[in-house]
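Each chain is listed here by its residues.
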Amino acid sequence: MPPALWLIAIPIGLAPIVYVLRRVGLGAIMAAIITFLSAWLAANLPTGIVLNLLGRPIALDALSQTTLTLVFLATSILFLTLTLLSVAQEKRVTHFGKLTGQEGRVFYPAALVILGLFVAASLSRHLGITAIFIELAAILMVFVIQTQRLESTRAALRFLTLVSLATPIFLLAAWRIDAYQLSGGIVSLVEIDQTAMLVGIGFAIWLAVIPFHGWLTSTATESAPITAVFVLITFPMVVFSTLINLFADLPWLINSSFLMNAIIIAGVATAFVGGVWASMQRGFSELMGYAALYNIGCTLALLGLGGQAAVLAILVNLTVRALALVLIAVSTSTLYLRVASDGFSYVSGVVREMPVAAAGLIIGGLTLAGTPFTAGFAPYWQLLRSAAANNPNWVVFLVLGGLGVAVGYLRGLWALLGSDQSLESASKPLSTHILQNTQEPSLLMIIIIVVAFVCILTGLFPALLIDPLRDTALRVPWLIP
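Treat the numbers as computed from the prediction; the structure is a model and nothing was measured.

Draft legend 1. Local environment of unusual backbone geometry. Ile-210 connects to Pro-211 through a cis peptide bond whose omega is 5 degrees. In this fold, Pro-211 is placed in the loop between α7 (189–206) and α8 (214–222). The phi angle at Ala-208 is positive, at roughly 60 degrees, despite the residue not being glycine. Within the secondary structure, Ala-208 is located in the loop between α7 and α8. Assessed through its relative accessible area of 0%, Ala-208 is described here as buried. For Phe-373, which is not glycine, the phi torsion reads 70 degrees and is therefore positive. Along the chain, Phe-373 falls in the loop between α13 (355–369) and α14 (377–390). Here Phe-373 falls in the exposed class, since its relative accessible area comes to 59%.

Right, dumping it as C-alpha cells:
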C-alpha cells in the first residue's frame, strides 16, 4: 500500500476500536494518539503521484500535505481537551448542557472516519470525486454537530442541506471540466463563464459566503465548543485547499470574465457582514461563529486578490485560524465548568475564578480579528496591502469588519470583568446551576497557556510562522496575477 493511503486506512480502520472503547478513557486517549501520529505521518510523507486509479491520478501535493497536517494536529488537541473535560466533569455533581458526557463520545470515532474521508478528498484531483468524499464526510458531521443538541436539529439540518445542495452543482461542474479537457482545450468564453458560475456557487455554499452562512453560525451557536470548532476548522480548510488546487490544475478558469472579481466581492462582503454582526452578539458561541465567518471572508479576499504572496498569506491565515479556534474552544469549554451558558449575562465576574480561560478566550478572538501583536495580524496586514493596491474602498469594509470582531470580544471582556457572579446568582433561576469555587483544571490551563503563547509569540515574530510555510507556498503553481 502506498504510504499516503495510510492516512486513510489508519483513522478509518481504527475507528471501530475507538467506538467500542468510547465510554472509557482508553478510547479517548487512543483517538488522540491516532490523530497525532497521523499528523506526523502527513508531515513526513513524500509528495507526488500516489497511484493511478481508473486512469485518474491520486496525488499528495504540498498544499494538501500542509493542510492535512494542521487538521490532524488541531483534532488531536480537541480530543485531548475533550478527555480532560470529561475527567473534570466526573468530579462535579452538576452536568451542563454543552459539556461532553458519555453521549458526546461518539465524536471520537465519527471524527476519525471524517478525517479519513477528508484525506481521500484531498488526494483526489477530480472535482466530482472530491465532492462525493466531502459529502460523505458532511453526512457523518451531522452526528458530530448533533452530539450535544439532542433537543434541536436545526444546526445539523442546515449544514447537511446546504452541503448537499452544493454536491450536484460540483458534479455538473466536473462534467463540464471533463468535457473541456476531452475537447483539447477548445472552449468558448461563454462555456468558461458557465463552468466558473457552477464552481463559484458551489464553493460559496461550502465556505458559508453570505447569504449561505447559516450552517456555520448555527453550528457555532448550537453545538458544543469542541465539536463546533472541529467543524469550523476541518471543513473550510479542506475546502480552501480544494479550491486552490482547482485553480492550479485548471488555470483557464481564471479567464472567466467575472469569477475572480466575484470572489473578491464575496470575500469582502462576508468579512464585513460577519464583523458587523459579531459586534452585536451577546454570547461567546455566537460571537465565535461570526468571527469565524469574518475570517473566511478575509481568506476568500486574499484568494481573489492573488499576487505572489497570496498562497503564503492564505496558508498563514488558515494556520492562525486553527490556532485561534482551538484556543477559543478550550477556553469556552473550561468556562462551562463554572457557568451554564457562555452568554455575556452569565459570565459576569468569571475572570476572578477562571482568569486563564478568560484570557485565552479574548486572545483567541482578537487573533481571529487580526489585531496587532497577535498571530492574525500578519495575514490581515497583507490583505489590507493587496486590497489597497486594487481598490481602496475594500480596505474600509475589511477594517470595519475587523473592528466589529474586536469590539465583540472587547464587549465579552467587559462582561467577564463585570460584577461577581455569586452576587447575581440569587436573582437567577435555580435551573442555571451555577457552580461556586470551581478551579481551572491544571492540564487545561497548560493547553490554554501554550496555545495563547504561540498566538502572541508568532504575532510578535511572524517569521516563526511564515518561514516554515514559505516552502509549501512556493510549490503551489499559482497563476493568478
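There's more to say after this.
Draft legend 2. Layout of a nonpolar patch on the surface. On the surface, a cluster of nonpolar side chains totalling about 470 Å² of accessible area is made up of Ile-29, Ile-33, Phe-36, Leu-37 and Leu-73. A total of four residues in the nonpolar patch trace back to one element, the largest contributor, which is helix α2 (residues 25–44). Mapping Leu-37 onto the fold places it in helix α2.

Draft legend 3. Quick look at the pattern of salt bridges. Scanning the entire structure with this criterion turns up five salt bridges. Note that Arg-125 and Asp-249 form a salt bridge whose closest N and O atoms lie 2.9 Å from each other. One end of the pair, Arg-125, is in the loop between α4 (107–123) and α5 (127–145); the other, Asp-249, is in helix α9 (residues 225–249), and 124 residues separate them in sequence. A single salt-bridge network, built from bridges that share partners, covers Asp-61, Arg-125 and Asp-249.

Draft legend 4. Summary view of the nonpolar core. With 171 residues, the main nonpolar core has Trp-206, Phe-230, Phe-235 and Tyr-409 as its most contacted residues. Broken down by element, this core gets its largest block of residues, 17 residues, from helix α12 (residues 310–335).

Draft legend 5. Summary view of the confidence of the model for the protein. Averaged over every residue, the pLDDT of the protein is 84; residues scoring 70 or more account for 88%. pLDDT under 50 marks residues 93–103. Its contacts with residues more than four places away, or in other chains, come to 39 contacts.

Draft legend 6. Just the packing of helix α10 (residues 259–278) against helix α11 (residues 284–305), in detail. Where α10 contacts α11, the axes come no closer than 7 Å and their chain directions differ by 155 degrees. Accordingly, the angle class assigned to the pair α10 and α11 is roughly antiparallel. You can see that α10 and α11 cross each other, and the crossing is left-handed. From α10, Met-260, Ile-263, Ile-264, Gly-267, Val-268, Thr-270, Ala-271, Gly-274, Gly-275, Trp-277 and Ala-278 reach across to α11, where they touch Leu-287, Tyr-290, Ala-291, Leu-293, Tyr-294, Gly-297, Cys-298, Leu-300, Ala-301, Leu-303, Gly-304 and Leu-305.

Draft legend 7. Examining the side chain of Thr-217 more closely. You can see Thr-217 is positioned in helix α8. Looking at Thr-217, the relative accessible area reads 8%, which means it is buried. Other than its neighbours up to four places away in sequence, Thr-217 contacts Gly-289 and Tyr-290.

Conventions and cut-offs
Residues numbered from 1 in each chain as written. Predicted model: local features only at pLDDT ≥ 70, side-chain atom pairs only at ≥ 80, totals over all residues. Heavy atoms only, no water. Helix = DSSP H or I, 4+ residues; strand = E, 2+ residues; numbered from the N terminus. Buried < 20%, exposed > 50% of the residue type's maximum accessible area, 1.4 Å probe, protein only. Patch = residues over 30% accessible without salt bridge, like charges linked within 9 Å, V, L, I, M, F, W, Y side chains within 5 Å. Areas by Shrake-Rupley, 256 points an atom, 1.4 Å probe, with all protein chains shown as cover. Salt bridge = Lys/Arg side-chain N within 4 Å of Asp/Glu carboxyl O. Core = buried A, V, L, I, M, F, W, Y, C linked by side-chain atoms within 4.5 Å. pLDDT = per-residue confidence, 0-100. Contact = heavy atoms within 4.5 Å. Axes fitted to C-alpha atoms, helices over the stretch in contact; angles between N-to-C directions. Parallel < 35°, antiparallel > 145°, perpendicular 65-115°, else oblique. Left-handed = near helix turned anticlockwise from the far one by under 90°.

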